[in-house]
Amino acid sequence: MTGPHYDASGTRSVTAHSIGSAHTGDVIGLPAEILTAARDVPAPPSLTNLPPYPLCLGREDALTWLRTTLTAEGGTAITQTSTVHGLGGIGKSTLSLAYAHRYRHTYTLIWWITADSPARIEQSLADLTLRLLPSWAGAVSQNQRAQWAMTWLQWHPGWLLVFDNVENPADLTSYLGALNRGHHLVSSRRATGWPRTISTYPLGALESNEATRLICTYAFTDGKPTTRDLRDARALAADLGHLPLALEQAGAYLRQHPTISIDAYRRRLPTKLDKAADGINAERTIARIWTQTLYALGARNPNAVAVLRILAWLGPDDIPIAILETPDHNNDDLHEALGLLATYSMVTVTRHSVSVHRLLQTVLRDTAPTEADRSPTGRCAAVELLVRAIDLPAGRVSGALDALMPHLIALATTWCASRNSDREATLYSAAALHLQQQGRNARALPFWRAITGQREQVLGDLHPETLSSRNNLAGAYRAAGDLDRAIPLYETTLAQREQVLGDTHPNTISIRNNLGYAYALAGRLDDAVPLFETALTQSEQVLGSLHPNTLATRNNLAGAYESAGDLDRAIPLYETVLAQCEQVLGDLHPNTLTSRNNVAYAYQSAGRLNHAIPLFETALTQSEQVLGDLHPETLTSRSNLAGAYQAAGDLDRAIPLFETTLAQREQVLGDLHPETLTSRSNLAGAYHAAGDLDRAIPLSETTLAQREQVLGATHPETLTSRNNLAGAYQAAGDLDRAIPLFETTLAQREQVLGDLHPETLTSRNNLASAFHERDELPTTS
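Residues numbered from 1 in each chain as written. Predicted model: local features only at pLDDT ≥ 70, side-chain atom pairs only at ≥ 80, totals over all residues. Heavy atoms only, no water.

(A) Examining the sheet that holds strand 6 (residues 199–202) more closely. A sheet is described by the order of its strands in space; here six strands give the open sequence 1-3-4-5-2-6, paired in parallel fashion. One side of each edge strand has no neighbouring strand; the edge strands of this open sheet are strand 1 (47–48) and strand 6. By the bridge criterion, six bridges tie strand 3 (residues 109–114) to strand 4 (residues 159–166) in an arrangement that is parallel. In the sheet register, Thr114 faces strand 4, and the bridge partner there is Asp164. Here helix 2 (residues 60–70) sits on the sheet and contacts strand 2 (80–85), strand 5 (183–188) and strand 6; the angle it forms with strand 2, its principal contact strand, is near 155 degrees. (Pairing = 2+ DSSP bridges. Helix = DSSP H or I, 4+ residues; strand = E, 2+ residues; numbered from the N terminus. Contact = heavy atoms within 4.5 Å. Axes fitted to C-alpha atoms, helices over the stretch in contact; angles between N-to-C directions.)

Laid out in C-alpha cells, this is it:
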C-alpha cells in the first residue's frame, strides 16, 4: 500500500514592485552564551512592571474565581490560563491588576503585557529582557530581546503573565503553548474564540451599592457623603449603567468641582450625542460624561483638550511623553496639561509615558470636530509628532519604528484625507518596508491600505504608483493567507497595468508573476502554469535571462510544475535557478537560500534523499544566519528538513523539529495561516508514522476542519488532510470512518487534479487497500 501523502512547505520567491526581493532583516538567532544566560539569570525579588494598585470595588467573587482557577491542581507548578471578558469600560484591566497586586507575593515574577496586537506583545516581552539582562539587551534588536524573554520564561517557573486587552485570541496561541511553567491571566472584549482548555469569566457591571460607593470614593476624598449625596449618587450610577469607567470619570469630575452637586451634574448630562448615537451603550455613556468634562477642561486649560485629542489617534498604551515634547523648548505647559488630564481620570501618566482608555479614544475620535482641511481635530498633529519622532529625513528609522509601531498602526487604521496625506504615506511606506525586511508582510496590511487609499485619492486610480500600492496590498493579503482578497486585487491590478503600462512593461510582468503565485497557492495550477510561462518568456525578453525578477519567475514556474507532479520539468529548472542565483546574487542572498531549499524539496519528492537532506541542512543553517530564527523562510526550511528526516525514517529528529516549527508558525503567522496548517498536518503525519495515533488523529481532525474553513472543501491541501485522516482512521482499525473518507477524497482528486495525477493514484491505491483490509476481516455471526 502507498501510505498517506503528507505536506511540505516548498518556498517560492515572489517579486513585488515597490518592495523588491526580500532583504536581510534582524538576525534573531541567539549566541550560545546568551541562551545559557536565559537559564542562569535569576529574577530579582518580586520583579514586576505592574501599574499602581487600582481601586477595585465589588469584585471579590471575580477575584476568588481567578485565584481558584489559576491555582487548581498543583498551584504555580503547572500552567493555568484564565480569561476575563466583557465590554469596554467594564473594569477588566482593573480586575487583572487587582489580582496581580493581591497575590504578588506568590509569584517569582509578574509581567504586564499590553496585548492588543502581536507587535505590542513582542514589545512587552522585549522590555522584560531589558530588566533581566540589560548589559546585552540594550545593543540588540527588539526581536532578539523578545526571543530571549521567551527562553527565560521556559526555564524559570512560578511567574504570572498578564495579557491585557487581547483583541484576537489567536495572537496568544504560541505563547500559551510554549510557556508552560507559570500562569497566564488574559483580559479581552472577546467572549468567543477561546480554546476549551482556557477558563473564561464574563465580567458584568457593578451592583448598585458598589457602583454608588465607587462614585463617592472618587468624588469625596476629604469628607463623607451625606444621605442625599448617596441617594443622588445611586441615581447617577443607574444613569451610567453601573459602568466602572463612567463612574470613575464622573467621580473625578465631581472631585475637581466640589461646588457642583451630584444632582446638578446628573441634570447636566445630555441624554445622547448624535455622533455617538450608533455606538454601543457603553460608548454612549462615556460620550455623555465626556461632554461635561470637555467643557470643564476647556475652561481651565485649553491645551489639555488639544493634547487629549492628539492622544486619541495614537495607540492607547505607553505613548512616550518624549514624542509629545517640543525639542529645545520649555515643555512645562505640556506636563501641566497631562497632570490636569490625570486628575480628571482621562489619562494615566507615568514618568515616561501616558495611556488612554480605548473606549475613551473611540469617543474622542467619533466626536472630534473637523479642521479646515476636513481632517478630525488632533489627527494631523499626531502625524507630525510621529514623523518628527522617527526622523525620516535623517534615515534613523529602524529602532524608532520598532518602538512606535503600535502607534503607527493605530494611526494607519484611521486614515483619512488631509493636508498631511503625502507625509503620512511616506511614514507608512517606511513602516511597511521595515516589517517586510523582518519577514512580517502580513502586519503591514494597515499601512498598505492607507497608502493605497492616499494614492488613489491624490494620484488617481490608474497612476503607476497607485497600481504599485495596490500590488503591495495584494501581497500583504497573500502573506496573511487571505487569498480571497489577494487574488481579485492582483487580477484587477494586472488588467490596469496592461492598460496603462503595456503588456511587457517590467511592472506588468512582475504582477503577472505575483498573480500566478497566488493562483498556485490556491491550488489553481491550470491558471498558474500558463501565467508563469508567459511571464518567464516576457521577462527573459525584456529584462534578460539573469535578472533577479527573471530568476524568481523561473523558480515559480518550477514550483508550479512540481505541484502538478511534473518533476521531470521541475527539477532541471530548479537546478538552473539555483546555479544562476549563486552566480548573480551570491551564496547567502535570501533568494539563493529559497532556491536551495526548493531544489532540496524537489529532490526529496523524487526520492533522492541522499541529495536532499544535506541541502536542507545547509539551507536551514544559512537561513538562520541570514534571516533569523523566526523568519518565515527559515520556518519553511526547518519544516522541510523535518519532512526529509521523516522520509528517511528518522522520526527522532523529525518530530521535535515539526513541533518547534508549528509553535513558531503559530507565533509568527497565526493559528489559521495556510503554512501553519501545513505544519499542523506535518506533525500529525509524523505522529502517525511513529504509531502515536492518540495524538495523530485529533490533530488530523483539527487540521481538516481548519483547511475546509480557510481553503475550501476541494483545495488540494484540504484533500491531503482528508486523505491523511482516512489513513489514520484505517491505522486505528476504524474502517467505517476511513472508507467513506477515502472514497470522497478519490472522487474529489479525480475532479480537481485529474485521473492520472500522482496524488489521485495514491488515493485510488489507499481506497483499494482499505477495501481489501475490510474484506479480509473475519465476520461475526
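(B) How the structure looks around helix 29 (residues 632–647). Helix length check: helix 29, at 16 residues, gives a terminal C-alpha distance of 23 Å against a target of 22 Å (1.5 Å per residue), a fit within 8%. Counted residue by residue, helix 29 has 14 buried out of 16 residues, so it is predominantly covered. A positive backbone phi angle near 85 degrees is found at Gly649, which sits one or two residues after helix 29. (Expected span 1.5 Å × (residues − 1). Buried < 20%, exposed > 50% of the residue type's maximum accessible area, 1.4 Å probe, protein only.)

(C) Region of interest: the packing of aromatic side chains. Scanning all chains against the criterion turns up six aromatic pairs. Ring centres of Tyr99 and Tyr103 lie 4.8 Å apart, and the angle between their planes is 45 degrees; this geometry places the pair in the tilted category. Residues Tyr99 and Tyr103 agree in their burial class; the two are buried. Each ring, one from Tyr253 and one from Tyr265, has its centre 4.9 Å from the other, and the planes form 35 degrees; the classification is tilted. Of this pair, Tyr253 sits in helix 10 (residues 244–256) while Tyr265 sits in helix 11 (residues 262–268), and the two are 12 residues apart along the sequence. Here the two residues Tyr253 and Tyr265 agree in accessibility, since each one is buried. Members of the aromatic cluster, each reached through a chain of ring pairs, are Tyr253, Tyr265 and Tyr344. (Phe/Tyr/Trp six-rings, centres within 6.5 Å; stacked < 30°, edge-to-face > 60°.)

(D) Summary view of the pattern of salt bridges. Counted by the stated rule, this structure contains 37 salt bridges. Two residues, Glu60 and Arg102, come together in a salt bridge whose shortest N-O distance is 2.8 Å. In this pair, Glu60 is assigned in helix 2 and Arg102 in helix 3 (residues 92–102), connecting sequence segments 42 residues apart. Within this structure, Asp116, Asp317 and Arg358 form a network of salt bridges that share partners. (Salt bridge = Lys/Arg side-chain N within 4 Å of Asp/Glu carboxyl O.)

(E) Here's a closer look at the sheet that holds strand 9 (residues 353–355). Strand order across the open sheet formed by three strands is 7-9-8, with antiparallel pairing between neighbours. Whereas interior strands pair on both sides, the edge strands pair on one side only; in this sheet they are strand 7 (319–320) and strand 8 (348–349). Bridge count for strand 8 against strand 9 is two bridges, and the pairing is antiparallel. Directly across from Val349, in strand 9, lies its bridge partner Val354.

(F) Spatial organisation of the state of the cysteines. Enumeration over the complete set of coordinates arrives at zero disulfides. Of the cysteine sulfurs around Cys56, a residue in no disulfide, the closest is that of Cys216, at 17 Å. (Disulfide = S-S within 2.5 Å.)

(G) Region of the structure containing the packing of helix 21 (residues 464–479) against helix 22 (residues 483–500). The N-to-C vectors of helix 21 and helix 22 enclose an angle of 160 degrees; their axes lie 8 Å apart at closest approach. With respect to helix 22, the element helix 21 is oriented roughly antiparallel. Handedness of the crossing formed by helix 21 with helix 22: left-handed. Packed against helix 21, whose contacting residues are Leu467, Ser468, Arg470, Asn471, Leu473, Ala474, Gly475, Tyr477 and Arg478, the element helix 22 presents Leu483, Arg485, Ala486, Leu489, Tyr490, Thr493, Gln496, Arg497 and Val500 at the interface. (Parallel < 35°, antiparallel > 145°, perpendicular 65-115°, else oblique. Left-handed = near helix turned anticlockwise from the far one by under 90°.)

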